[in-house]
Amino acid sequence: MAVFPWHSRNRNYKAEFASCRLEAVPLEFGDYHPLKPITVTESKTKKVSRKGSTSSTSSSSSSSVVDPLSSVLDGTDPLSMFAASADPAALAATTDNSRKKRDRDDNSIVGSDFEPWASKRGEILARYTTTEKLSINLFMGSEKGKAGTAVSAMSEKVRTRLEELDDFEEGSQKELLNLTQQDYVNRIEELNQSLKDAWASDQKVKALKIVIQCSKLLSDTSVIQFYPSKFVLITDILDTFGKLVYERIFSMCMDNRSVLPDHFSPENVNDTAKETCLNWFFKIASIRELIPRFYVEASILKCNKFLSKTGISECLPRLTCMVRGIGDPLVSVYARAYLCRVGMEVAPHLKESLNKNFFDFLLTFKQIHGDTVQNQLVLQGVELPSYLPLYSPAMDWIFQCISYHAPEALLTEMMERCKKLGNNALLLNSVMSAFRAEFIATRSMDFIGMIKECDESGFPKHLLFRSLGLNLALADPPESDRLQILNEAWKVITKLKNPQDYINCAEVWVEYTCKHFTKREVNTVLADVIKHMTPDRAFEDSYPQLQSIIKKVIAHFHDFSVLFSVEKFLPFLDMFQKESVRVEVCKCIMEVFIKHQQEPTKDPVILNALLHVCKTMHDSVNALTLEDEKRMLAYLINGFIKMVSFGRDFEQQLSFYVEARSMFCNLEPVLVQLIHSVNRLAMETRKVMKGNHSRKTAAFVRACVAYCFITIPSLVGIFSRLNLYLHSGQVALANQCLSQADAFFKAAISLVPEVPKMITIDGKMRPSESFLLEFLCNFFSTLLIVPDHPEHGVLFLVRELLNVIQDYTWEDNSDEKIRIYTCVLHLLSAMSQETYLYHVDKVDSNDSLYGGDSKFLAENNKLCETVMAQILEHLKTLAKDEALKRQSSLGLSFFNSILAHGDLRNNRLNQLSVNLWHLAQRHGCADTRTMVKTLEYIKKRSKHPDMGHLTELALRLPLQTRT
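Rules used in this analysis
- Residues numbered from 1 in each chain as written.
- Predicted model: local features only at pLDDT ≥ 70, side-chain atom pairs only at ≥ 80, totals over all residues.
- Heavy atoms only, no water.
- Helix = DSSP H or I, 4+ residues; strand = E, 2+ residues; numbered from the N terminus.
- Buried < 20%, exposed > 50% of the residue type's maximum accessible area, 1.4 Å probe, protein only.
- Contact = heavy atoms within 4.5 Å.
- Expected span 1.5 Å × (residues − 1).
- Arc of directions from axis to C-beta.
- Core = buried A, V, L, I, M, F, W, Y, C linked by side-chain atoms within 4.5 Å.
- Pairing = 2+ DSSP bridges.
- Patch = residues over 30% accessible without salt bridge, like charges linked within 9 Å, V, L, I, M, F, W, Y side chains within 5 Å.
- Areas by Shrake-Rupley, 256 points an atom, 1.4 Å probe, with all protein chains shown as cover.
- Salt bridge = Lys/Arg side-chain N within 4 Å of Asp/Glu carboxyl O.
- Polar contact = N/O pair within 3.5 Å; in protein donor to acceptor, adjacent residues only side chain to side chain.
- Phe/Tyr/Trp six-rings, centres within 6.5 Å; stacked < 30°, edge-to-face > 60°.
- Lys NZ or Arg CZ within 6 Å of the ring centre and 35° of its normal.
- pLDDT = per-residue confidence, 0-100.

A. Structural context of the overall build of the protein chain. Check the secondary structure of the protein chain and you find 45 helices and six strands. In the protein chain, which comprises 963 residues, the proportion classed as buried is 47%. Considering only contacts within the protein chain whose residues lie at least 6 apart along the sequence, 73% involve residues at least 24 apart.

Right under this line is the structure:
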């Protein structure tokens, strides 16, 4: 292949910049402003007739903005207009239905501020467990009454179904004994699935039998500790049944002509649906036992909507009265809780029945201390303190329903009733758990007085103080009472001997203390916690509560100088001896610091404490630590490093970075951050000390440079090292440290051969060549301004880099090497200019050193020719069918490079460009649109001064036509 000499085009960068600027056009604003409302003139033309050519035109102006999208919102879009013209009645009905939905009575729905039962379900199942053996009754009924049995008359059909129910109740059962808790749960889930299967196969009677059987289980308290969880499991089945029945009847109300609206009335329900609904209620009424009859009817309470507007309001009081027949107080309270639950779902505005359930419960509450219950507890070996908490889920739910949007006066009434019952602790706890925190907080001293008078048997006072503390964390008590409240509560809390009881209460009251008092009171509380939790290493069993305390303290003390001046804060941290927990606590502290620390700090108290915290996080890293965890830890430590500033005490700042490097050497992102920080420090020093180039300043900058040069090799990431060598070299160059800059650039060049073919990016293996290309392009931009070393040859860094690129093993089907050579050509062209495009202050680049010396330009051109030969040789190897498209693309790219940087007045270079143009189009692989635009650009350029030679070139560049 012939050698083509390279001649760089002389560039006048200032003139080129000026030609690229946008042309300034004077603009008469007048009254126009882009933020003012647009005035739209609407013209309406009326044609009088075809015969006459006259027409009347009217114009109107509006100052409002006409939004083309607003027509969609006001219903005038084409689809809406079509629908309106097609069926005005249907559109009116739709509009009316939407208005009804918007205007629905707020009292008939429960808002999002009401905590649903579903959120309590998991907690109950997790809390109320047992290791005792359980039993369950299984349905083993006869086959008479299968779906599809022919019955001649309705009376026969009803009698047959009642007989089926009798058959079920009279002994077609089988009892499974000695079930573990998990076996029991699995069996209940199987029954739930059996219910769905029976319903799907149209075996409605079988489905009802399953529900009755499950409801009967709620009368069994043989394993009393498990009863709350049993209630949750069984009521899930009841809910399923109620939903199936309701949907079945609802579907019967629909036909091809109409759909039952969401808020329908009984008049909208057809006779068939009403008859089916009545039939269900008649079946349920025939159930002999009270508990299954109550639960099954309560589960389909919503179905009363199909029969009567007042059906639900009439049924709720009746069902409330039915519960009075249940003798066991535990079974009774859960039945009331279920009734309140379904009542809140279908008629939350009917508060009378909710209140009646509670007041009925109060009347029977004394049964808990009666002989029947006490004998049952003795038989099961259950103590009263373990028995009373079984009531909490049901009572809390009842109180939640009663207190929802209830006036403050109701709380007063509840408190009076509690006093009449001798301030029963269980009731008082439920009251404080249910009512709004604001109501409780304003009566804090009243509640404290009631707590003091409570009988502690069965329900200890410290649990009451805990409930009170939870409310005070959400709402503030009167300011005059705050200190007295804390003193009264802490008197009880600090006397607790059981560490678990103590920490459960202290955890709640720490937030109250942090919220309303100073660091002095907080320090006292933390000291008391340490005192109680240190003996026998009790803290090891209470890490969640201790973590919660730390989170509450740091949530209220955003000033870390105040936080770390709390004497007992760091000793409190020492209780976290388990590494995983200690690291989580440290992460919480650093997250709060990063979020709330607004100004950089040099406070030694903060620095020493947070260095210890960050060191704890860093030292937790090992070979098994996940990459995500490492990234998180590095992010937090880097956030701390960024917030440390010693102002103009640069030496102290560098000393901090040296210490940080020794402490955080196992986290590469932290080392990267430290190197960047030291580079910024060096640049800041140069900026501040501008004009004062003392030896001390120069020595400090060299110390910064040495820090980076020493630290970079410890990094694992190859591209992290390459980029930091380049960045640090740029910083050294900017500070006139030329020999240090050369050292960085040489290190980067020597590292290029170590770049692997594949690298890991975000956990995935990716080819590295594109990343290497990006790095080298940045490197070339820097090499333009790097002066040659007097003891080395011309362009010695460029030559070394070219040798490395030549020896690097590239992918077989890769063109990245040629793209790099093209970038080198751009660099060499820029180096041949009389004045370079950019410079570094106080650094003489090669344009100043050589001053356009002919020997320098000759060496430059030789390198250009060598690079061009490599490019052309590669283009020649692409003359294969599978590589023709790549050849076309690279050929056009090289053509554009010559056009931009070469002197096309040189005949041989001009001819080479023409050959490349033809090569790009030779096999029909070129993008015609790109070729057209390129040619248009050449023609446009040819009109510029000193660019007339491009006119002839344009004539020699034909466009290939495709047939």
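Structure shown, so let's carry the discussion forward.
B. Structural context of helix 18 (residues 408–420). An ideal rise of 1.5 Å per residue puts 18 Å on 13 residues; helix 18 measures up with 19 Å between its terminal C-alpha atoms. Turning to helix 18, its buried residues number three or more, namely Leu410, Leu411, Met414, Met415 and Cys418. Take helix 18 and look down its axis: the buried residues cluster within an arc of 140°, on one side only. Within helix 18, the exposed residues directed more than 90 degrees away from the buried face are Ala409 and Lys420. Where the residues of helix 18 are buried, they touch helix 14 (351–364), helix 17 (392–403), helix 19 (425–434), helix 20 (437–442) and helix 21 (444–452).

C. The nonpolar core, seen in detail. Grouped together as the largest cluster of nonpolar side chains are 310 residues, with contacts concentrated most on Tyr387, Trp509, Val529 and Phe640. Here this core takes 14 residues from helix 9 (residues 227–252), the largest share from any one element.

D. Examining the pairing of strand 5 (residues 758–761) more closely. Bridge count between strand 5 and strand 6 (residues 764–767): four bridges; the pairing is antiparallel. Paired with Met758 across the strands is Pro767, a residue of strand 6. Here strand 5 folds back onto strand 6, and the loop between the two strands holds two residues, one of which, Asp762, carries a positive phi near 55°.

E. Examining a nonpolar patch on the surface more closely. On the surface, a cluster of nonpolar side chains totalling about 280 Å² of accessible area is made up of Phe17, Leu837 and Tyr838. On the basis of relative accessibility, which here comes to 38%, the residue Leu837 falls in the partly exposed class.

F. Expanded view of helix 34 (residues 695–711). The end-to-end C-alpha distance of helix 34 is 24 Å, a good match for the 24 Å that 17 residues give at a rise of 1.5 Å each. Here helix 34 has its buried residues at Thr697, Phe700, Val701, Cys704, Val705, Tyr707, Cys708 and Thr711. Seen from one end, helix 34 has its buried residues packed into an arc of 150°, which puts them on one side. Among the exposed residues of helix 34, those pointing more than 90 degrees away from its buried face are Arg695, Lys696 and Ile710.

G. View of the side chain of His901. Within the secondary structure, His901 sits in helix 42 (residues 884–901). Polar side-chain contacts of His901 include one of 3.5 Å to the side chain of Arg11.

H. Region of the structure containing the pattern of salt bridges. Counting across every chain of the model gives 31 salt bridges. When the shortest N-O distance is used, the salt bridge between Arg336 and Asp360 registers 3.8 Å. Here Arg336 is found in helix 13 (residues 329–346), whereas its partner Asp360 is found in helix 14, with 24 residues between them in sequence. The same class applies to Arg336 and to Asp360, which are both buried. Here Lys356 and Asp360 are joined by a salt bridge, their closest N and O atoms 3.9 Å apart. Taken as a pair, Lys356 and Asp360 lie in helix 14 at a separation of four residues, close to a single helical turn. With relative accessibility at 38%, the residue Lys356 sits in the partly exposed group. In the salt-bridge network here, residues are joined through shared partners; they are Arg324, Arg336, Lys356 and Asp360.

I. The packing of aromatic side chains, seen in detail. One pass over the structure, following the stated rule, counts 40 aromatic pairs. A ring pair is formed by Tyr227 and Tyr334, whose centres lie 5.5 Å apart and whose planes are at 65°; its orientation type is edge-to-face. Within this pair, whereas Tyr227 is found in helix 9, its partner Tyr334 is found in helix 13, the two being separated by 107 residues in sequence. A relative accessible area of 1% means that Tyr334 is categorised as buried. The structure contains a cluster of three or more aromatic residues connected by ring pairs, namely Phe560, Phe564, Phe569, Phe593, Phe640, Phe646, Phe656 and Tyr657. The ring of Trp199 carries the charged tip of Lys204 above its face, separated from the ring centre by 4.9 Å. In this structure, Lys283 packs its charged tip against the face of Trp280, placed 4.2 Å from the ring centre.

J. View of the confidence of the model for the protein chain. When pLDDT is averaged across the protein chain, the result is 84; 84% of the residues are at 70 or more. Ranking the elements of the protein chain by mean pLDDT puts helix 4 (residues 88–102) last, at 41, and helix 32 (residues 650–663) first, at 96. Confidence drops under pLDDT 50 across residues 43–66; counting only partners more than four residues distant or on other chains, this segment forms 30 contacts. In this model residues 168–172 is a low-confidence stretch, pLDDT under 50, and it forms 14 contacts with partners more than four residues away in sequence or in other chains.

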